[in-house]
Amino acid sequence: MTNPVVIVGASMGGLRAAETLRKTGYAGELIVIGDEPHAPYNRPPLSKEVLAEHVDHAAVAFPLGEILDDVQWILGDAVVATNLDHHTITLASGRVVDYGTLIIATGLRPRRLDELGRPATGVHAIRTLDDAMALRAELNPGARVVVYGAGFIGCETAATATKLGATVTVVGKGEVPMLRPLGRQLAEDIQRRHEAHGVTFLNNTRIVRILGDDHLTGVELDNGQTLECDVLIEAVGSLPNVEFLEGNDIDIESGIHVNDTLHALHANGEPWANVYAIGDVARFPIPQFDPKTRRVEHWNIPTEMARKVGRQIALEHGDDAEAHAAEMAKEFTPIPSFWSDQFEVSLLAYGLLDQGEDVRLLEGEVGGDCLYGYYRDGKMVGVCGIGMRQKVMSYRNKVGLNFEPE
Amino acid sequence: MTLKIHVDMEKCQHYGQCVFDAPTVFRLNEDDKLEYESTADDSERDNIQLAIDICPMQAIKFVE
Ligand SMILES: Cc1cc2nc3c(=O)[nH]c(=O)nc-3n(C[C@H](O)[C@H](O)[C@H](O)COP(=O)(O)OP(=O)(O)OC[C@H]3O[C@@H](n4cnc5c(N)ncnc54)[C@H](O)[C@@H]3O)c2cc1C
Ligand code: SF4
């Protein structure tokens, strides 16, 4: 195999895949392509401390070890088309790159609401460093900020903007913020803690129009009310970056569908031998839960997928067929883990909370430190706590549907 | 060879992710705060590297 390994997406997933390939002995040509102008950086701080303090690339850049010295980086150039049959990808600049093996780590982008109106300035989303820098410049003390979308990123951003002295209203279509993942009791508890800091929540509410020509002046709600504001942050969910794969026989419905070895699949479910997808863009099975596939937008997932794919490919290029077969056979059973910081609330969770049908307060109390278990069919599928870190951690290896209770 | 480890406690948010990868080096104390060994045997290198990669705050480093 002489053709290079090409990684599309120069963020955490792409970076960890490149590192693992080199560490596991792949010495051949390695190209990483990213549409952002920046070398890989850490995204979670963008809605948290970086937004609050000082936003620049150095504050969030991942260290690039010597092991990556002979990686070819193509940054600031997007992949716009692929031909999986001919093993080529085409970049926005017109450049065409041949690959032997393709790893796709293109992540997500925020869903935008242009159809509701688009003033020239004042409307933001947060996914990239450039997004966070642009938003930071407008989050001044006294600014009237509307956050649309009451998920984790929306609520974190609301907390950060409040700390910066802005007056913040969160507009969400659900009955309570973060209801689906967290469950009602914990979600209501966190809403109250936000309110104690001065955040206003308009639940069960939608924005129907975004007002202003040059600069944003306000938003019109579905109850007829108009909210005047200086800044609007759209945090209404994400879309997978898969358009450059259109026209190929590949399943990209709601993310790139991959199998248990993280190979991308044809429409008929057969794997592409040399195409993988990892990270936020991948829709994959987590066998200890159920046979379904899902995207999991948590930070530990890109790294775990990148390591598996990197090892598989490096060993495939090596001369130890047995080691390769063993790696291919190794079950991929990552435990989704996430955290979220909103004011003094610091959540830590493991598992798939949204699979829980029955949510129980296991320890602690509403309003204080607490630990919730998320159950389905009597089995724990997730655990989430405010504080109580060691206790939350002690449940980490016990979440899933296939585990027999001890 | 002995490895030297440093955690930037200004950055660390005590998420404890490192504890799973290198439990002999990192642990949370009774107050849920990170405690760690500042030196470790070379045999722990890979585990510590895993912890470095997975730390959400990118707070852990090997010291040369
Ligand atoms: C503001 C924010 C806060 C978050 N907070 C948390 C948190 O607290 N806890 C947690 O667990 N997770 C959090 N996450 C999620 C976490 O950051 C993601 O899971 C992680 O970044 C996914 O990594 P990835 O490499 O799969 O994709 P991404 O980081 O999205 O990287 C994909 C890269 O590919 C590039 N790309 C896309 N299309 C193309 C193309 N056609 N050609 C070339 N390049 C392309 C993109 O521009 C991007 O640079 C947060 C995310 C955001 C945005
Ligand atoms: S993973 Fe990082 S942030 Fe978490 S406890 Fe360890 S060093 Fe601190």
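Right above here is the structure, for reference.
Summary of the structure given here. (Residues numbered from 1 in each chain as written. Chains lettered and ligands numbered in written order. Predicted model: local features only at pLDDT ≥ 70, side-chain atom pairs only at ≥ 80, totals over all residues. Heavy atoms only, no water.)

Topic: the site of ligand 1
All names here are of chain A.
Thought 1: Neighbouring ligand 1 are 33 residues; Ser11, Asp35, Glu36, Arg43 and Lys48 lie closest to it.
Thought 2: Within the backbone of Gly13, an N or O atom sits 2.9 Å from an oxygen atom of ligand 1.
Thought 3: Between ligand 1 and Arg127 there is a distance of 2.6 Å, counted from an oxygen atom to a side-chain nitrogen or oxygen.
Thought 4: Compared with its free state, where it exposes 1,000 Å², ligand 1 has 94% of that area covered by protein.
Thought 5: When contributions to the shell around ligand 1 are tallied by element, the ones reaching two or more residues are helix H1 (12-23), helix H5 (152-163) and strand S23 (337-342).
Thought 6: The biggest single contributor to the shell around ligand 1 is S23, with three residues. (Near = heavy atom within 4 Å. Polar contact = N/O pair within 3.5 Å; in protein donor to acceptor, adjacent residues only side chain to side chain. Areas by Shrake-Rupley, 256 points an atom, 1.4 Å probe, with all protein chains shown as cover. Helix = DSSP H or I, 4+ residues; strand = E, 2+ residues; numbered from the N terminus.)

Focus: the state of the cysteines
Residues and elements named next belong to chain A.
Thought 1: All chains considered together, the criterion is met by zero disulfides over all chains.
Thought 2: Residue Cys229 stays outside any disulfide, its sulfur separated by 17 Å from that of Cys155, the closest cysteine.
Thought 3: Since its relative accessible area comes to 1%, Cys229 is described here as buried. (Disulfide = S-S within 2.5 Å. Buried < 20%, exposed > 50% of the residue type's maximum accessible area, 1.4 Å probe, protein only.)

Considerations on the environment of Met12 of chain A
Residue and element names in this part refer to chain A.
Thought 1: Structurally, Met12 can be placed in helix H1.
Thought 2: On the basis of relative accessible area, Met12 is assigned to the buried category, the value being 7%.
Thought 3: As a C-alpha pair, Met12 and Gly107 span 95 residues in sequence and 9.6 Å in three-dimensional space.

Overview of the sheet that holds strand S13 (residues 207-211) of chain A
Through backbone hydrogen bonds, the strands of a sheet pair up, either in parallel or in antiparallel fashion.
Residue and element names in this part refer to chain A.
Thought 1: If you walk across this open sheet you meet the three strands as S13-S14-S15, and the pairing is antiparallel. Of all the strands in the sheet, just S13 and strand S15 (226-228) have a single pairing partner and so form its edges. Across the sheet, the mean angle from the axis of one strand to that of its neighbour is 20 degrees, orientation sign disregarded.
Thought 2: Sheet analysis places strand S14 (residues 218-221) next to S15, joined by three bridges and oriented antiparallel. Pairing of Gly218 across the sheet is with Glu228, part of S15. (Pairing = 2+ DSSP bridges. Axes fitted to C-alpha atoms, helices over the stretch in contact; angles between N-to-C directions.)

What about the interface of chain A and chain B?
Thought 1: In this complex, chain A contributes 22 residues to the contact, which on the side of chain B involves 19 residues.
Thought 2: Between chain A and chain B, the buried area comes to about 1,800 Å², and carbon and sulfur atoms account for 51% of it.
Thought 3: Here Asp53 of chain B ties to Arg16 of chain A by a salt bridge, and the two come within 3.7 Å at their closest N and O atoms.
Thought 4: Looking at the side of chain A that touches chain B, the elements with two or more residues in it are H1, helix H8 (300-317), S23, strand S24 (345-351) and helix H10 (389-394) of chain A. (Contact = heavy atoms within 4.5 Å. Buried area = accessible area lost by both parts, 1.4 Å probe. Salt bridge = Lys/Arg side-chain N within 4 Å of Asp/Glu carboxyl O.)

Regarding the pairing of strand S16 (residues 231-234) of chain A
Residues and elements named next belong to chain A.
Thought 1: Of the two faces of S16, the one carrying Val231 and Ile233 and the one carrying Leu232 and Glu234 are both buried.
Thought 2: When strand S9 (residues 123-124) meets S16, the two strands line up parallel, connected through two bridges. Each residue of the ladder has a partner; that of Val123, found in S16, is Leu232.
Thought 3: Note that strand S10 (residues 144-148) and S16 share four bridges and pair parallel.

Considering the nonpolar core
Thought 1: In this structure, Leu182, Leu186 and Ile256 of chain A together with Phe26 of chain B are the most contacted members of the largest nonpolar core, which totals 138 residues.
Thought 2: Element by element, the count of residues in this core is highest for H8 of chain A, at six residues.
Thought 3: With residues up to four places along the chain from it excluded, the contact list for Ile256 of chain A reads Ile104, Val242, Leu245, Ile250, Asp251, Ala264, Ala277, Val281, Ala282 and Arg283 of chain A.
Thought 4: Among the nonpolar cores identified, the runner-up in size contains 14 residues, and Val123, Val219, Leu227 and Leu232 of chain A belong to it. (Core = buried A, V, L, I, M, F, W, Y, C linked by side-chain atoms within 4.5 Å.)

Quick notes on the site of ligand 2
Thought 1: Around ligand 2, 13 residues are found, and the nearest of them are Cys12, Tyr15, Gly16, Cys18 and Cys55 of chain B.
Thought 2: Of the residues that constitute the shell around ligand 2, the class distribution is nine nonpolar, four polar and no charged. (Nonpolar A, V, L, I, M, F, W, Y, C, P; charged D, E, K, R; others polar.)

A closer look at the pattern of salt bridges
Two side chains bearing opposite charge may form a pair once their charged atoms approach each other closely.
Thought 1: For the structure shown, the criterion picks out 29 salt bridges over all chains.
Thought 2: Here Asp354 of chain A and Arg180 of chain A are joined by a salt bridge, their closest N and O atoms 3.4 Å apart. Taken together, the residues span a long stretch of sequence, with Asp354 of chain A in the loop between S24 and strand S25 (358-364) and Arg180 of chain A in helix H6 (residues 179-182) at a distance of 174 residues.
Thought 3: Relative accessible area serves as the criterion here: at 32%, Asp354 of chain A is assigned to the partly exposed category.
Thought 4: The partner of Glu357 of chain A in a salt bridge is Arg376 of chain A, and the shortest N-O contact between them spans 3.8 Å. Pair noted here: Glu357 of chain A is in the loop between S24 and S25 and Arg376 of chain A is in strand S26 (residues 370-376), with a separation of 19 residues, a long-range link.
Thought 5: One continuous salt-bridge network, built from bridges that share partners, spans Arg16, Glu19 and Arg307 of chain A together with Asp53 of chain B.

Side note on the environment of Tyr350 of chain A
Thought 1: On the secondary structure map, Tyr350 of chain A appears in strand S24.
Thought 2: Residue Tyr350 of chain A is classed as buried on the basis of its relative accessible area, which comes to 0%.
Thought 3: Between the C-alpha atoms of Tyr350 of chain A and Gly382 of chain A, which are 32 residues apart in sequence, the distance is 5.6 Å.
Thought 4: Setting aside residues up to four positions removed in sequence, Tyr350 of chain A forms contacts with Ile335, Pro336, Ser337, Val381, Gly382, Val383, Val392, Met393, Arg396 and Val399 of chain A together with Gln17 and Phe20 of chain B.
Thought 5: Separated by 3.1 Å, the side chains of Tyr350 of chain A and Gln17 of chain B make a polar contact.

Considerations on the packing of aromatic side chains
Thought 1: Counted according to the given criterion, the structure contains six aromatic pairs over all chains.
Thought 2: Residues Trp299 of chain A and Trp339 of chain A carry aromatic rings whose centres are separated by 5.9 Å and whose planes lie at 75 degrees to one another, so their mutual orientation is edge-to-face. Of this pair, Trp299 of chain A sits in the loop between strand S22 (290-294) and H8 while Trp339 of chain A sits in strand S23, and the two are 40 residues apart along the sequence.
Thought 3: The class of Trp299 of chain A is buried, set by a relative accessible area of 9%.
Thought 4: Ring centres of Tyr350 of chain A and Phe20 of chain B lie 5.9 Å apart, and the angle between their planes is 85 degrees; on these two criteria the pair is classed as edge-to-face. One end of the pair, Tyr350 of chain A, is in strand S24; the other, Phe20 of chain B, is in helix H1 (residues 17-21), on a second chain.
Thought 5: Aromatic rings pair up to connect Trp299 and Trp339 of chain A together with Tyr15 of chain B into one cluster.
Thought 6: Here Arg16 of chain A stacks its cationic end above the ring of Phe62 of chain A, 5.0 Å away from the centre of that ring.
Thought 7: The ring centre of Tyr395 of chain A lies 5.8 Å from the NZ or CZ of Lys398 of chain A, which sits over that ring. (Phe/Tyr/Trp six-rings, centres within 6.5 Å; stacked < 30°, edge-to-face > 60°. Lys NZ or Arg CZ within 6 Å of the ring centre and 35° of its normal.)

The values reported here are purely geometric and, on their own, carry no functional implication.
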